[in-house]
Protein chains: 2
Amino acid sequence: MSKIITISREFGSGGRELGRCLAKKLGYAYYDKEIVREIAAKTKLSEDYVNSIVEKRPFSMFPIHTGSSFQTMTNPIDDQNQLIFREQCNILKQMADQSDCVIVGRCADYILSEREPLRIFVYADMDYKIKRCLGNQSETETLNSKEVKKKILSLDRQRAQYYMFFSGQKWGEKEFYDLCINMTNIEMDAAVASIAALI
Amino acid sequence: MSKIITISREFGSGGRELGRCLAKKLGYAYYDKEIVREIAAKTKLSEDYVNSIVEKRPFSMFPIHTGSSFQTMTNPIDDQNQLIFREQCNILKQMADQSDCVIVGRCADYILSEREPLRIFVYADMDYKIKRCLGNQSETETLNSKEVKKKILSLDRQRAQYYMFFSGQKWGEKEFYDLCINMTNIEMDAAVASIAALI
């Protein structure tokens, strides 16, 4: 059975970079945005649309009622989101079957739990994340510290809701991970070496 | 400045063993029960008494009032506990000055925070901890699973209260540690190698 490492990460903590470096060091396949691309191809939906759903927006939380009757109607948005999540499950399982791999985000730790992945959670202090995000901004992005902080909090809240909706588990709660690594005072190389030592 | 690794651990998770193995691998000094022995020597209190306080019993939480007056009286038990905590701080700082070291428990991560220790939290699933405790029982101990679980929960509750009292921080909350490692599915050798890779 192939070896799987799943990386869950706070936005701005460097989890994605850690995943990429780790895959390179171990010679594993690396899956991140590829997952969205595959889902879009399979569902015939646009990559942008899939991206706006995956890790961000779960189903609407309540059934829709019509008039005074309590008959539940199907919600077409929910149907589409369900389709996306089903495809996401299939694609992650196919990826895990193909070879040893590192998978970033997308509830992979939960979806692939039967294959006993090494489950990593990457986090950092808020100041560290803000500084890192500001340093990584492209020329067209002009967010200030306050706006970056708002973005970090908002994206992490969405990830937590999405994760809770599908897994019933609390995102970032250490009992659901094998290793939680705080990047605030740890160099990227050391973090990669530390995780690689567990394989 | 000497390198310091502090290990906080859930009871039964194997944190103490991990600390010992790590110190051996790195050639660092290892401090655990030595701390209690030193405090006892310095305060002229018995080791058993110091042991019953350190990591277990903080001060009484409220001042003592006499009659209808709200005048605060000194509580001799609190005085003694304060003395023990002061000695604990001094001794930990002396130990940290002497050489690179691994220190298990005793709020060392908080007390030595200015020296920027590598702060590790070791934890595990309850079933793992119960099994490990049962396996480590001496011939005179005859606790069953239920009793062991009760002991684990009680000791961890005491540690959390003690830590909160002195640090104002939540024991085991991942933001206060650099690395949190779940021993449930990780072998001792791999855990030691993983932490050593961060040095």
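Cut-offs applied
- Per chain, residue numbering runs from 1 following the sequence as it is written.
- Numbering of ligands from 1 and lettering of chains from A proceed in the order in which they are written.
- The model is predicted, so local features are restricted to residues of pLDDT at least 70 and side-chain atom pairs to those at 80 or more, both for listing and for counting; the totals for chains, interfaces and linings are taken over all residues.
- Side-chain figures throughout are based on the complete set of non-hydrogen atoms in the structure, without hydrogens or water.
- Numbering goes from the N terminus for both helices and strands, where a helix is a DSSP run of H or I of at least four residues and a strand is a run of E of at least two.
- In this scheme, a residue with accessible area under 20% of its type's maximum is buried, one over 50% is exposed, and one in between is partly exposed, where area comes from a 1.4 Å probe on protein chains only.
- Any pair of residues with heavy atoms lying within 4.5 Å of one another is described as a contacting pair.
- Between 30 and 60 degrees the pair is tilted, below 30 it is stacked and above 60 it is edge-to-face, where a pair is any two Phe, Tyr or Trp rings, Trp via its six-membered ring, whose centres lie within 6.5 Å.
- As used here, buried area is the combined drop in accessible area, with a 1.4 Å probe, of two parts when they are placed together.
- Criterion for a salt bridge: a side-chain nitrogen of Lys or Arg within 4 Å of a carboxyl oxygen of Asp or Glu.
- Contacts described as polar in this section are N or O atom pairs within 3.5 Å, which, within protein, must combine one atom able to donate a hydrogen with one able to accept it, while residues neighboring in sequence count only if both atoms come from side chains.
- Note on residue classes: Ala, Val, Leu, Ile, Met, Phe, Trp, Tyr, Cys and Pro are nonpolar, Asp, Glu, Lys and Arg are charged, and everything else, Gly too, is polar.
- The fit set for superposing copies consists of C-alpha atoms from residues with pLDDT of at least 70 in both; the fit itself is least squares.
- Between N-to-C directions, angles span 0 to 180 degrees; the directions come from axes that are lines fitted to C-alpha atoms, helices contributing only their stretch in contact.
- Oblique is the label for any angle not under 35 degrees, not over 145, and not in the 65 to 115 range, which are roughly parallel, roughly antiparallel and roughly perpendicular in turn.
- Should the near helix be turned counterclockwise from the far one by less than a right angle, the crossing is left-handed, whereas a clockwise turn marks it as right-handed.
- Paired strands are those between which DSSP finds at least two bridges.

Trainee: Which parts of the structure should I look at to understand the side chain of Thr6 of chain A?
Mentor: All names here are of chain A. Relative to the helices and strands, Thr6 resides in strand E1 (residues 4-9). According to the relative accessible area criterion, Thr6 is buried, its value standing at 1%. Ignoring anything within four residues of it in the chain, the contact list for Thr6 reads Ile103, Ala108, Asp109, Pro117, Leu118, Arg119 and Ile120.

Trainee: What should I look at first to understand the packing of aromatic side chains in this one?
Mentor: Each aromatic ring pair is characterised by the separation of its centres together with the angle its planes make. Scanning the model with the defined rule gives 13 aromatic pairs over all chains in all. Their ring planes at 65° and their centres at 4.8 Å tell us that Tyr162 of chain B and Phe166 of chain B sit as a pair that is edge-to-face. Here Phe166 of chain B and Tyr162 of chain B lie together in helix H7 (residues 145-167), a separation of four residues that amounts to about one turn. Judged on exposure class, the residue Tyr162 of chain B and its partner Phe166 of chain B are both buried. One aromatic cluster is present, formed by Phe85, Tyr162, Phe165 and Phe166 of chain A through successive ring pairs.

Trainee: Teacher, can you tell me more about the interface of chain B and chain A here?
Mentor: When the parts of a complex come together, some accessible area is lost, and that lost area is often used as the size of the interface. Taken together, the contacts link 21 residues of chain B with 21 residues of chain A. Where chain B abuts chain A, roughly 1,600 Å² becomes buried across the two surfaces, and 55% of that area is made up of carbon and sulfur atoms. Across the contact surface, chain B and chain A share zero salt bridges. Connecting chain B to chain A are 12 residue pairs in polar contact (both at pLDDT 80 or more). Going through the elements one at a time, strand E6 (118-123), strand E7 (179-182) and helix H8 (188-196) of chain B are the ones with two or more residues in the side of chain B that touches chain A. Tallied by class, residues from the side of chain B that touches chain A come to 12 nonpolar, four polar and five charged.

Trainee: What am I meant to see in the pattern of salt bridges here?
Mentor: For side chains of opposite charge, pairing can occur when their charged atoms come near one another. Evaluated as defined, the whole model comprises 16 salt bridges over all chains. A salt bridge links Asp32 of chain A to Arg106 of chain A; the nearest nitrogen and oxygen atoms lie 2.6 Å apart. In this pair, Asp32 of chain A sits in the loop between strand E2 (29-31) and helix H2 (33-43) while Arg106 of chain A sits in the loop between strand E5 (101-104) and helix H5 (108-111), placing the two residues 74 residues apart along the sequence. Here Asp32 of chain A matches Arg106 of chain A in class, with each residue buried. Note that Lys129 of chain B is salt-bridged to Glu10 of chain B, the shortest N-O span being 2.6 Å. Of this pair, Lys129 of chain B sits in helix H6 (residues 126-135) while Glu10 of chain B sits in the loop between strand E1 (4-9) and helix H1 (15-26), and the two are 119 residues apart along the sequence. Taken together, the salt bridges that share partners define one network made up of Arg16, Asp32 and Arg106 of chain A.

Trainee: I'm lost on the relation of the copies chain B and chain A in this one. Help?
Mentor: Two copies of one chain are present, and they are related through a rotation about an axis combined with an axial shift. With an axial shift of 0.0 Å and an RMSD of 0.0 Å, the rotation relating chain B to chain A amounts to 180°. What we have between these two chains is a two-fold relation. The C-alpha atom lying nearest the rotation axis in chain B is that of Ser194 of chain B; the distance is 2.1 Å.

Trainee: For this particular structure, what's the right way to read the packing of helix H1 (residues 15-26) of chain A against helix H8 (residues 188-196) of chain A?
Mentor: Each pair of packed helices can be summarised by the angle the axes make with each other and by the distance between the axes. All names here are of chain A. Following both chains from N to C, one finds H1 and H8 inclined at 55°, their axes separated by 9 Å at the closest point. Compared by their axis directions, H1 and H8 come out oblique. The element H1 and its partner H8 pack so that their crossing is right-handed. Residue-level inspection shows Glu17, Leu18, Cys21, Leu22, Lys25 and Leu26 of H1 in contact with H8, the latter providing Met188, Ala191, Val192, Ala193, Ile195 and Ala196. For the contact of H1 with H8, a count of residues per class yields 10 nonpolar, no polar and two charged.

Trainee: Sorry, what's going on with the sheet that holds strand E6 (residues 118-123) of chain A here?
Mentor: Strands pair in a sheet through their backbones, by hydrogen bonds, and they do so in one of two ways: parallel or antiparallel. Here we have 10 strands laid out as an open sheet, ordered E2(A)-E5(A)-E1(A)-E6(A)-E7(A)-E7(B)-E6(B)-E1(B)-E5(B)-E2(B), and mixed in their pairing. This sheet does not close on itself; its edge strands, each paired only once, are E2 of chain A together with strand E2 (29-31) of chain B. Strand-to-strand twist across the sheet, computed as the mean angle between neighbouring axes with direction ignored, equals 20°. Strand direction decides the pairing type here: E2 of chain B and strand E5 (residues 101-104) of chain B, joined by three bridges, are parallel. Following the sheet pairing, Ala29 of chain B is matched in E5 of chain B by Cys101 of chain B. Most of the contacts of H2 of chain A go to E2 of chain A, to which it runs at about 70°, and overall it touches E2 and E5 of chain A. Relative to E2 of chain B, helix H2 (residues 33-43) of chain B is tilted by about 70°, and along the sheet it contacts E2 and E5 of chain B.

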